[in-house]
Amino acid sequence: MKTNLKTLMVALMMGAVTITNANNLNPEPAKKSFGASIFKSDFNAKLTVFIDKVKGTKLTIMLKDADGTVLYEDIMGKTQENYRSKFDLSKLEKGTYLIEINDQNKKEIKEINI
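Residues numbered from 1 in each chain as written. Predicted model: local features only at pLDDT ≥ 70, side-chain atom pairs only at ≥ 80, totals over all residues. Heavy atoms only, no water.

The secondary structure content of the protein amounts to one helix and seven strands. Seen in sequence order, the protein has helices and strands lined up from the N terminus as α-β-β-β-β-β-β-β. The proportion of buried residues among the 114 residues of the protein is 26%. Partitioning the contacts of the protein with sequence separation of at least 6, the portion at a separation of at least 24 is 48%. Working note: accessible area of the protein is about 8,500 Å², and carbon and sulfur atoms make up 56% of it. (Helix = DSSP H or I, 4+ residues; strand = E, 2+ residues; numbered from the N terminus. Buried < 20%, exposed > 50% of the residue type's maximum accessible area, 1.4 Å probe, protein only. Contact = heavy atoms within 4.5 Å. Areas by Shrake-Rupley, 256 points an atom, 1.4 Å probe, with all protein chains shown as cover.)

Written out as structure tokens, the structure reads:
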């Protein structure tokens, strides 16, 4: 009887170790620090940028040309949660432009063709 009890205890302990290790294999996904939506209107050559972020992170928003030259830069402070801006693209030459949004951990790049 003691042997069966020891075997059962060892089996239960091994099961607990397996469950604990399985939980460590699937950690919770990292929460996004920001989300961005960008809309381009071909009708009036306007670009609208919406950004929502969590407090405590600082974001940099840049409009770049195809060569990487920064045409516009704005910073979203740590206490700011929402960003809304419109860009007038009518004075830019036809070509490819990039909207780059980044914080310390994530960089998001959207390509805009005019």
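This brings us to the pairing of strand β1 (residues 34-41). Both β1 and strand β2 (residues 46-53) contribute to a ladder of eight bridges, which runs antiparallel. Pairing of Ser37 across the sheet is with Phe50, part of β2. (Pairing = 2+ DSSP bridges.)

Within the secondary structure, Glu108 is located in strand β7 (residues 107-113). Using a relative accessible area of 17% as the deciding quantity, one classes Glu108 as buried. One polar contact links Glu108 to Lys106, side chain to side chain, over a distance of 3.3 Å. Among residues more than four places away in sequence, those in contact with Glu108 are Phe34, Ala36, Ile99, Glu100 and Ile101. (Polar contact = N/O pair within 3.5 Å; in protein donor to acceptor, adjacent residues only side chain to side chain.)

What follows is about the side chain of Thr48. Mapping Thr48 onto the fold places it in strand β2. Thr48 gets classed as buried once you look at its relative accessible area, which sits at 15%. Residues contacting Thr48, with those up to four places away along its chain left out, are Ser37, Ile38, Phe39, Ser85 and Lys86.

Just geometry here; none of it tells us what the structure is for.
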